[in-house]
Amino acid sequence: MLKTENLRAGYSGDDAVRGISIEVAEGSCVALVGANGAGKSTLVKALCGLIEPRGGKVLFGGKNIVGLPASEIARRGISLCPEGRHLFSPLTVEENLLLGAYPRLPSFGPFRRTASGDLRHIYEMFPRLAERRFQQAGSLSGGEQQMLALGRMLMARPRLMILDEPSMGLAPILVKEIFKTISSLRATGMTILLSEQFAKSALLVSDRAYIIERGSVVLEGTSASLAKNPAVMEAYLG
Amino acid sequence: MNLDFLALAQMAVSGGLMGMAYALVAYGFQLTHAAGKAVNFGQGELVMLGAFTGLSLSGCGLPYWAAVTGAMIAGALLGWFVERTAVRLALQQHNEGWVLLTIIVGLFWFSAAENIWGREDKPFPVPWPESALDFFGISVTWQELAVAAGALGMMTLIELARRYTMIGIAVQAVSADQDAAELCGIRSRTAISLSWAVSGIAAAFAGTIIGPVTTVGPTMAAALTLKAFSVAVVAGLGSSFGLLLVGVALGASENISGFLLGSGWREAPALILLIVGLALRPQGLFGKKIIRKV
Amino acid sequence: MFAGISLGLRENTVERIVRTAIFIGLAALPALWQGQYALGLLTLMAVYGVLLIGLDTTVGYLGQINLAQAALFALGAYGTALAIGAGASLPLALAAGIAGALLPGAALALPALRLEGPQFALSTLSFATLSIIVLNECESVTNGALGLSISRPLLFSLPLDATSFYWLCLALLFVAWEASKTLFRSRFGLAIEALRDSPTATDALGIGALRHKVLAFAWGSALAGLAGGLHTMNFGYLQPAAFGYDLMVMLLLGVVFGGRRSQWGAFLGAAVIAMLPNLLSNRTLFSFLVSFGCVLTVVPPIRALLSHKVPLFRQAAPAIAMTLAVTLVFFIPNVEEWRKGIFALFLFAVVVGFPNGIAGAVTATLRQFIHFTPLPILPATGGISSSKKTEGIALRLSDLCKSFGGMRAVDNVTLDIGQGETLGLIGPNGSGKTTLVNLISGLYTPDSGSVEIAGKRPVCGSLMSAFSAGAARTFQNLQPFHGLTALESILVCQQGGGESEAMGWLLAVGLEGKARIRCSGMSYGDLRFLEIARALSTRPRLLMLDEPAAGMSKPDIARLIELIGSIKRAGVPILLIEHHQNVVAELCDRVAVMDGGRLIALGTPNQIRRDPKVIEAYLGADDTERDNMEARQC
């Protein structure tokens, strides 16, 4: 479904992503694992069009999407839950969720009614959000913010979900909850690309994984085989 | 004593009503600042062009309401044009060049207006009577009421659209976090252009309601820009209610200081207020403090 | 592409020769181009030159839009006029003009320069309007809107005729030019350059943003006052209305047109504004100039078309503006009336097409064709030396808390670092490590709790205060001074000491070969080392390194470990945030682990490595997995 060929990207100066080729098959969950600064976030941003790749291709459903603006890529069905969540903090929880479905909703018409089915679905999944639907997103706690970010992404009914560091800044107990949610999403047949610093958990929920170090893929394979690979663990605890 | 008090109150009321129009122009700054972190230093010129367009249209025999609508359409186009030609270019180059470019585009408008409509101030005919109403000894003209009602109505209308339509919420989302908005499929450039167009509408509309009071001429731009800036900065770019409050206060203070110190000093208190206000509270009275990130 | 000509001279020398030649030519001009009118124009150009060099200090060097220069010019003019009225001699009258602009300018600068961008522009705009109101209304002193008439005073009891007054103006322009140039080449100038790139870094490194900005603005105001004084003596008649919005816009645009951050640019801008009314009246010349400009702006879009690309709007916009200007010039009968409009189009084309102005564009072209001799590099001295270890603690944090919205970023952190100790701070992304450093270095104000650095308690939330207590830091997201070279980046940070010593710091981090390279052209890894050198050159009593190895290559990391090791041996206490476990294990005496804003573990690297809480925080392993993990660790 998604395939990158020799993708290069970066901010000013050197490339942070130095020729990465990955593949995500329909219905699978693929993990990108690597330490902070390895280039995972840059890769993910390049996939979504937030930064323009300096070279290589990104094929989504067989079409090259390099150079399209992020909004266009989002409309084609790739949804990113960005690192650090990036909620619309002055807006309410419900408005955040509605914005997730923005391309489907009427600009001036009764948008709440159009989206009511999806909203109900999200509130069933995350009852905490239903309780706080009229609160400002910025006033939520860290765990609730992450749920909202996930919910906003699901509202888009994406074909491919990309999760960038969903565990970032959360207490361990909440991290477990987030991973449980990811597992259940995967069980519904959703295609997921997960970028994660927690190697163990990421390998547990995914089918395949790429180990990324300094902008390149150093190892790839099924998650089960990587989890047994001592080299992977070494990269983390030295 | 009693008479003096009454005179002061009269000054304050008519100034305050006029101040609502300043708040409306300032509201235009708030719209564009929220969307793309830039404001139009030539906003006064848009007000002036709006007034001239309205004037010309009613000169063609169109009724007042049609002329105002025409001016608003022109304002939308002009606002969009400024964003497209000046602001977006400068922000692409990542510098403060947009301040210069909006000044430059304003200068061009000024020169164009001078040559198209002439340098003289012209009266703006209106359909309402010249008479005044009396509230407990304070007289309020229909004209002043129209300014206040128009400004208030326009701001309410835009604010309602921002809060209760999906496209309005999307524009707010772009101001909160442009990248995240893009990820939701919102075309942030379009949203920013839209904000500038609406800001242009507000400015042109302000021109058609201020015009009848002050008369219309190329020089009305500079003073208005400054006043609207004062309102926007003292209130802080973030609270429309704050804008109204400060706008009314500025209008009233202008009239009172003009009355007490002489007409040349009209604008002085507002300017001092602006400098002191900025120094003490850069984010504005009603603004939120910005956290620096590293 | 081009071999280029080598002159065997330094750029600075060439510039000075050309400038001196031009000044001599200008001084000789009245002999060739006679007439009272021509002389008046040349004098005006010199006066505007001084004024624009002053304006360039804020608009160019500080990078802030200053709309007060016309008003300061007016205040200087009135200061001089009043002094002459009181019978002052010429030097005294000029001094009065300078004071007349400098004092209000400084009074404006103190509050206004805390602001940035549009807010600063606004406060200067209000100041300008206010000044004109005061000049108009204080009729007893300024004679209000009617204006003041004065006659030129004697210079040391000698009367000055128009030509000698022109020479005086020219001489003063030369002095102002040279002084400005020297000023902005000094450490002061480097600091100004640095703070435009990163005010956060300049504050954190003790350079101090506000102080420099206020001084620069004061210098600009003083030049405005001087120009005002000369203007008074040139015209002999003053009226507040002449110094209004129009002049302000012209001045601003003159600087931009000529080229910011360059005295040449200011001079060119001054020449254009002074001559503009005349250019417009000479229609043939003007048509020629506009057409020439149009041809210049058409080049980039045509070049894009030739390489079969659709030209970007940014490339095409100047050409569109200039075409419009040409149309106006050739088809409108009353060109004079459209003066401002055409000027606006011109400026639009320059600001978009040549962001560095005419001077910037010319300099860039010259540098392509001519090779100048580079500056010599001095031998290095100094470097990392042992500091005297004082007793006590280097850093003490007690119950430090900070929340953002509903997020507790730092939650009750209590921590000590001893003298000479290296403490590693690790934790997953977003666990609050950088926020903690931001609290210590004074970028953020803690909600509660206290910070003590080397026995001193800095003012909470003040970078400068934390710096004076002895803290120096690097930044996770680099804060380089893009416009400075590596050597200049150190020079601006170190407290005293010359170029040799700065070279010593570069040598210590292995950048001695890149001393004259600008930061904007350096690689990521080099910039990380440069940030460490910057922090070291302040001789800190506490060094905080925020993820120095992030994004570095393997050999760079090895170099980094060696470097931090040598800093450690010199006895500098270090707080090291790091993700790379081998860096932490090799260097740190103790390691603190954060998770979710809390300190969850503290101990030697070995203890930490075995701590199950840490393993869970790091790998997110669930309970059954943890046993396997520990088994593997042992």
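Residues numbered from 1 in each chain as written. Chains lettered and ligands numbered in written order. Predicted model: local features only at pLDDT ≥ 70, side-chain atom pairs only at ≥ 80, totals over all residues. Heavy atoms only, no water.

### What to know about the interface of chain C and chain B
Our working rule: In what follows, a contact means two residues having at least one pair of non-hydrogen atoms within 4.5 Å. A 1.4 Å probe defines the accessible area here, and the buried area is the portion of it lost by two parts on being joined, summed over both. In what follows, salt bridge is the name for a side-chain nitrogen of Lys or Arg lying within 4 Å of a carboxyl oxygen of Asp or Glu.
Counting from both sides, the interface comprises 55 residues of chain C and, opposite them, 40 residues of chain B. The largest share of the area that chain C buries against chain B comes from C:Leu122, C:Phe313 and C:Trp338, three residues that together contribute 13% of it. There are 1 salt bridge connecting chain C and chain B. Notably, a salt bridge pairs C:Glu337 with B:Arg119, separated by 3.8 Å at the nearest N-O pair.

### Focus: the state of the cysteines
Basically, it comes down to this: Two cysteine sulfur atoms form a disulfide, by the criterion used here, when they sit within 2.5 Å. Summary of the burial criterion: residues with accessible area below 20% of their type's maximum are buried, those above 50% are exposed, and those between are partly exposed, where the area comes from a 1.4 Å probe applied to protein chains only.
Summed over all chains, the structure comprises 0 disulfides over all chains. No disulfide involves A:Cys81; its nearest neighbouring cysteine sulfur is the one of B:Cys184, lying 10 Å away. Under the relative-accessibility criterion, A:Cys81 is labelled buried at 2%.

### Considerations on the domain arrangement of chain C
Note: interface size is frequently given as the accessible area lost on complex formation between the parts. Rule in force here: For each domain, the first and last residues come from an automatic or database assignment.
According to the domain assignment, chain C consists of domain 1 (1-34 + 282-375), domain 2 (38-279) and domain 3 (393-633). Each of domain 1 of chain C and domain 3 of chain C has a C-alpha centre, and the two are 48 Å apart.

### Some remarks on the layout of surface pockets
Which entries qualify depends on this criterion: A pocket here means an open set of points on a 1 Å grid, computed over the protein atoms alone, that has protein on both sides within 12 Å along at least five of seven lines. A cavity is instead a set of points where a 1.4 Å probe fits but cannot get out; residues with an atom within 4 Å of a point line either one. Grid points are joined across faces, edges and corners, and a volume is the space filled by probe spheres set on the points. Counting from the N terminus, the helices are DSSP H or I runs at least four residues long and the strands are E runs at least two residues long. Each residue is assigned to one class: nonpolar for Ala, Val, Leu, Ile, Met, Phe, Trp, Tyr, Cys and Pro, charged for Asp, Glu, Lys and Arg, and polar for all the others, Gly among them.
Taken as a whole, the second largest pocket spans an internal volume of roughly 820 Å³. Surrounding the second largest pocket, 41 residues form its lining, B:Ala222, B:Ala223, C:Thr129, C:Gly244 and C:Tyr245 being those nearest its centre. Among the elements of the structure, helix H4 (97-117), helix H9 (220-235) and helix H11 (268-280) of chain B together with helix H5 (117-137) and helix H11 (245-258) of chain C are those that each provide at least two residues to the lining of the second largest pocket. For the lining of the second largest pocket, the per-class residue count stands at 21 nonpolar, 11 polar and 9 charged.

### Considerations on the side chain of B:Ser175
Residues and elements named next belong to chain B. Note the following rule: Polar contact criterion, stated in full: a pair of N or O atoms within 3.5 Å, where within protein one must be able to donate a hydrogen and the other to accept it, and residues adjacent in sequence count only if both atoms are side-chain atoms.
As for its position among the elements, Ser-175 is in helix H6 (residues 166-176). Within the local environment of Ser-175, its side chain forms a polar contact with the backbone oxygen of Gln-172, the two atoms lying 3.0 Å apart. With residues near it in sequence (within four places) discarded, Ser-175 still touches Ala-34, Ala-35 and Lys-37.

### As for the packing of aromatic side chains
This is how it is decided: Here a pair means two rings of Phe, Tyr or Trp (six-membered ring of Trp) with centres within 6.5 Å. Their orientation is stacked below 30 degrees between planes, edge-to-face above 60, and tilted elsewhere. Working rule: Lys NZ or Arg CZ, within 6 Å of ring centre, within 35 degrees of ring normal, means a charge sits over the ring.
Applying the stated criterion to the full structure yields 25 aromatic pairs over all chains. Between C:Trp177 and C:Trp264 the ring centres are 5.1 Å apart and the planes differ by 90°, which places this aromatic pair in the edge-to-face class. Of this pair, C:Trp177 sits in helix H7 (residues 162-185) while C:Trp264 sits in helix H12 (residues 263-281), and the two are 87 residues apart along the sequence. A connected cluster of aromatic rings, assembled from ring pairs, spans C:Phe23, C:Phe174, C:Trp177, C:Trp264 and C:Phe267. Positioned over the ring face of A:Phe88 is A:Arg152, at 4.8 Å from the centre of the ring. The ring of C:Phe529 has C:Arg559 sitting right over it, with the charged end atom 4.1 Å from the ring centre.

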